[in-house]
Each structure stands twice: as structure tokens, then as C-alpha cells.
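Results of the structural survey
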Amino acid sequence: MTNRTIAPGAVMLDTQGKRIEAHGGGILRVGDTFYLYGENKEKSVEGADIWHWGVRAYASRDLVDWEDQGYIIPPVLDDEDSPLHPTSQMDRPHILYNEGTGKFVAWLKIVGHDHIQSFTIMTADRFIGPYTTVTAGYRPFGFSAGDFDLDIDEAMGRAYVFFQKVHTHIVVAPLSDDYLSAVEPYRMELYRELPPAVREAPVHFTRNGKHYLITSGTSHYRPNPSEVAVADDIMGPYRDLGNLHPDDTSLTSYGTQISDVIQVPGTDFFFAIGDRWLPDITDARPYLDTYTKGTRFIAKAIGLERTQRLLSAQRKPPRKRKRVKNYNTAFSNYVWLPIRFEQDRPIIDWHNEWSMPDADRNPTSR
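Being a predicted model, the structure only gives us computed values, none of them experimental.

Each value, and the rule that gives it
- Residues numbered from 1 in each chain as written.
- Predicted model: local features only at pLDDT ≥ 70, side-chain atom pairs only at ≥ 80, totals over all residues.
- Heavy atoms only, no water.
- Helix = DSSP H or I, 4+ residues; strand = E, 2+ residues; numbered from the N terminus.
- Rg over C-alpha atoms; globule rule 2.2 N^0.38 Å.
- Buried < 20%, exposed > 50% of the residue type's maximum accessible area, 1.4 Å probe, protein only.
- Contact = heavy atoms within 4.5 Å.
- Areas by Shrake-Rupley, 256 points an atom, 1.4 Å probe, with all protein chains shown as cover.
- Lys, Arg positive; Asp, Glu negative; His and termini not counted.
- Charge placed at Lys NZ, Arg CZ, Asp CG, Glu CD.
- Pairing = 2+ DSSP bridges.
- Axes fitted to C-alpha atoms, helices over the stretch in contact; angles between N-to-C directions.
- Core = buried A, V, L, I, M, F, W, Y, C linked by side-chain atoms within 4.5 Å.
- 1 Å grid on protein atoms, 1.4 Å probe; cavity = no way out; pocket = protein on both sides within 12 Å on 5 of 7 lines; lining within 4 Å.
- Points joined across faces, edges and corners; volume = space filled by probe spheres on them.
- Nonpolar A, V, L, I, M, F, W, Y, C, P; charged D, E, K, R; others polar.

With respect to the overall build of the chain
In terms of helices and strands, the chain carries 2 helices and 22 strands. Over its C-alpha trace the chain gives a radius of gyration of 19 Å, about what one expects of a compact globule, namely 21 Å for 366 residues. Along the first, second and third principal axes, the C-alpha set of the chain runs to 60 × 50 × 40 Å. Buried positions account for 58% of the 366 residues belonging to the chain. Across the chain, contacts joining residues at least 24 apart in sequence account for 57% of those joining residues at least 6 apart. Element-wise, carbon and sulfur atoms account for 48% of the exposed surface of the chain, whose accessible area totals about 15,600 Å². Of the charged side chains in the chain, 41 are positive and 49 negative, and the gap between their average positions amounts to 6 Å.

Structure (C-alpha cells):
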């Protein structure tokens, strides 16, 4: 490998020259291989009524060249009630390997036709599958569960889930020993009153004993300012450090929403991977201002508690019909950017190009 250059925002191609389809996911290292995985959005064009087309994965030895591994979780086409049907809103898959059970455990955020937000949890003996559903419709502690992350605290030897309690807090909770559920005690962090200030898309990573939580605001696929918080303990409390992209005057986080943070093995180099869902949007200020005024007006008119119920859609009656999707995400791109640190504060600057450092390729026991 001679060219290790990353071009944020450019179309990412696999080793066959095809567009990479792995949105809202992450990178997991298995032995000496890295797997990039996420939502396949290739059929999610405006008006097609297709939210996703399964979970796709790619393999790499150097974090630069990616070989297509196909569907690790294919869409279910013959059952409209399945959480994996293309008209069901499946988002942000995350996968961990459980050393104790020898299973790969995948959590998927699902918003079904009844508008309820929950998790589908699956397991497999190999990263590339096949995955079998263990639980569908799972709502930790009875909460409507939005965007989330899974991570392992290596120092504690325990896995955790971080998810949005729609639409108020980020919930931090340990996972059970088999990673198939969240267990008490849990904490509620990063409270915000209304969208778009409410935090979603949490991403956890650890550096030098500090725990970081990156979140975005809630403005659907339209980008907004990311924030980062820090804690001495994975459970918190988390202290807000402000905008992760302080030099981005467009308030779009450079047009991206972060889905994972990766430490290059054997180095102190961290980089964030994210999705540029709507490449044509270059300035968030006009719609963020309108959105904020709108939600505050609704809250004043009908009351905050009722507003939150409406925004979370938990009280809407079930309906069994397909929903026309209003966004074209089939041509979403990726923004991968390095993270620098000012003491303990992470900052992401814009780079037209940057180079991936060599990773320690010693295999892990997976």
C-alpha cells in the first residue's frame, strides 16, 4: 500500500471501484482484519419508500482499502412487519464481540410502522454472519430508545450502551454479561429541553483514562453542531466541552454526523467516521433557527410535556402502511477526519486530505 490518503467528503469506493454502502455504523477489529459496517442506502432514493437495504460490511488490513463482504444482515423482503423490512426505519447498527459467549452481538435501532423506537438484537458465530434475531422490540427500562452506541470499557472489562431517551437525555447503562440487554444502575446525562438541542447519535471513546461522549443535535438527516462531553467514569457524570468543530462557521460539523471514533492500534491517533447524509447542505444556520423557534412556539402553545410526547411519537396510533421517505440518502458520502487534543479536549479540524498512520497488526484473540 503506497497511497494512504483519505479525502473527507469524497465518494468512497471499495476495491472493486463500487460505492461503499456502510452508513451510520462503525469499525470493528477482528484479529488482524478491520471490518467497516453499516446501513446499505443504495436504494434509498426519494419516493422509493425504502429506508434501508440491510447491513453491509467491508474488510481491510490497513483502514484504507476496503473489500466488499456483502450483506451481513440482509433485508427481509417477504414480511412488512419485520423490523428488517426495507420500509422499517433501521438505523445505526453496532456490533460487539463477546469474549465470554464467543458471539458477535448486533444491536439495531428500529422505528417501525407504529412509530415506536426500540432495538432489535441479533447474534452470530462469525462477524460476517449469519445473524439470528434474539430480541425484537426491546425498550431498555421501558424507554423509547433512539440513536445509540455500544462500547467496551477495557479497564473495567464490561460493555455499555449509550442511547437517546427520546427526546430528553442520553442514557448510559451497563450491558448484561451476554450483551443482550441493558441492566441497572443507569444514569441520565446531557439533558436538553427540545429539538434540535436534544442530543442524539452518541459515540463513546476512551483516551488516557478519560471517557468522551460525542453527540449531535436532532434535526433528522440535516447536519447540525456536534458537541463533546468528558467524564472520569464511563457512567458519568459527563461535563460538556462544547462544539467539537469550533472552526466550522456553517454549524454543520463539516456537513457530517459522526457514527464512530477509531483509535489506530498501537498509536495515539484517533479519527472520527461520519456520514454526509445530504451533501447539498452547506449551512445549517437558516433551518436551525427556524426549527428552534418552531419547537419553542409549540411548547409554549400546548405545553412542554405534551410537546415531548408528540415529538417522540410514542402516543401516535399504530398504522400498517408504508411511509414515503422524503430524503434521498442513496448518494450520501462519508467524512473521516483526524482528532487532535488540546490537553483533554478533542477537536476536529477540516482537512482536504490526510494520511492514515500504520496500525499495529498483531492479531487479537477473536
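What about the sheet that holds strand β19 (residues 270–276)?
As summarised here, the arrangement of the 4 strands in space is β18-β19-β20-β21, forming an open sheet in which the pairing is antiparallel. Unpaired on one side and paired on the other, β18 (257–263) and β21 (345–348) mark the two borders of the sheet. The average undirected angle you get between the axes of adjacent strands in this sheet is 30 degrees. Of the strand pairs in this sheet, strand β20 (residues 333–342) and β21 are connected by 4 bridges, and their pairing is antiparallel. Directly across from Arg 340, in β21, lies its bridge partner Ile 347.

Structural notes on the sheet that holds strand β12 (residues 169–174)
Strand order in the open sheet formed by 4 strands is β10-β11-β12-β13, and the pairing between neighbours is antiparallel. Sheet topology places β10 (145–153) and β13 (187–189) at the edges, where each strand pairs with a single neighbour. Each strand of the sheet is rotated relative to its neighbour by a mean of 25 degrees, with strand direction disregarded. Across 6 bridges, strand β11 (residues 158–165) lies against β12 in antiparallel orientation. Bridging from a neighbouring strand, Phe 163 pairs with Val 171 of β12.

Points about the pairing of strand β16 (residues 227–231)
The element β16 is extensively covered by neighbouring structure, given that 4 of its 5 residues are classed as buried. The pairing of strand β15 (residues 210–216) with β16 spans 5 bridges and is classified as antiparallel. When the sheet's bridge partners are listed, Tyr 212 is paired in β16 with Val 230. As defined by bridge partners, β16 adjoins strand β17 (residues 239–243) across 4 bridges and the pair is classed as antiparallel. Its bridge partner lying in β17, Val 230 is registered against Arg 239.

A word on the environment of Arg 239
Looking at where Arg 239 falls in the secondary structure, it is placed in strand β17. A C-alpha to C-alpha distance of 5.1 Å links Arg 239 and Ala 229, two positions 10 residues apart in sequence. Apart from residues no more than four positions distant in its own chain, Arg 239 is found in contact with Val 228, Ala 229 and Val 230.

Some details on the nonpolar core
Across soluble globular proteins, nonpolar side chains show a tendency to be buried alongside one another. Formed by 38 residues in total, the largest nonpolar core has its most connected members in Ile 27, Leu 36, Trp 66, Val 261, Phe 271 and Trp 336. Sorting the residues of this core by element identifies β3 (33–39), β14 (200–207), β15, β16, β18, β19 and β20 as the ones contributing at least two each. A per-element tally of this core places β20 first, with 6 residues. Setting aside residues up to four positions removed in sequence, Leu 36 forms contacts with Ile 20, Ala 22, Gly 26, Ile 27, Arg 56, Ala 57, Tyr 58, Trp 66, Ile 273 and Trp 336. Ile 73, Leu 84, Tyr 97 and Phe 127 belong to the second-largest nonpolar core, a separate cluster that totals 21 residues.

Considerations on empty space enclosed by the protein
Rolled over the atoms, a probe with the dimensions of a water molecule shows which regions are left empty. According to the stated counting rule, one finds 4 cavities of 30 Å³ or more in the structure shown. The computed volume of the largest cavity comes to approximately 80 Å³. Lining of the largest cavity is provided by Ser 216, His 220, Tyr 221, Arg 222, Pro 223, Asn 224, Gly 255, Thr 256, Gln 257, Asp 275, Trp 277 and Leu 278. Estimates place the volume of the second largest cavity at around 50 Å³. Lining the second largest cavity are Ala 22, Gly 24, Gly 25, Leu 36, Ser 259, Ile 273, Gly 274, Asp 275, Tyr 334 and Trp 336. Broken down by secondary-structure element, the contributors of at least two residues to the lining of the second largest cavity are β2 (23–30), β19 and β20. Broken down by element, the residue count for the lining of the second largest cavity peaks at 3 residues, all from β19. Here the lining of the second largest cavity is composed, by residue class, of 5 nonpolar, 4 polar and 1 charged.

Everything listed is a geometric property; what it means functionally is a separate question.
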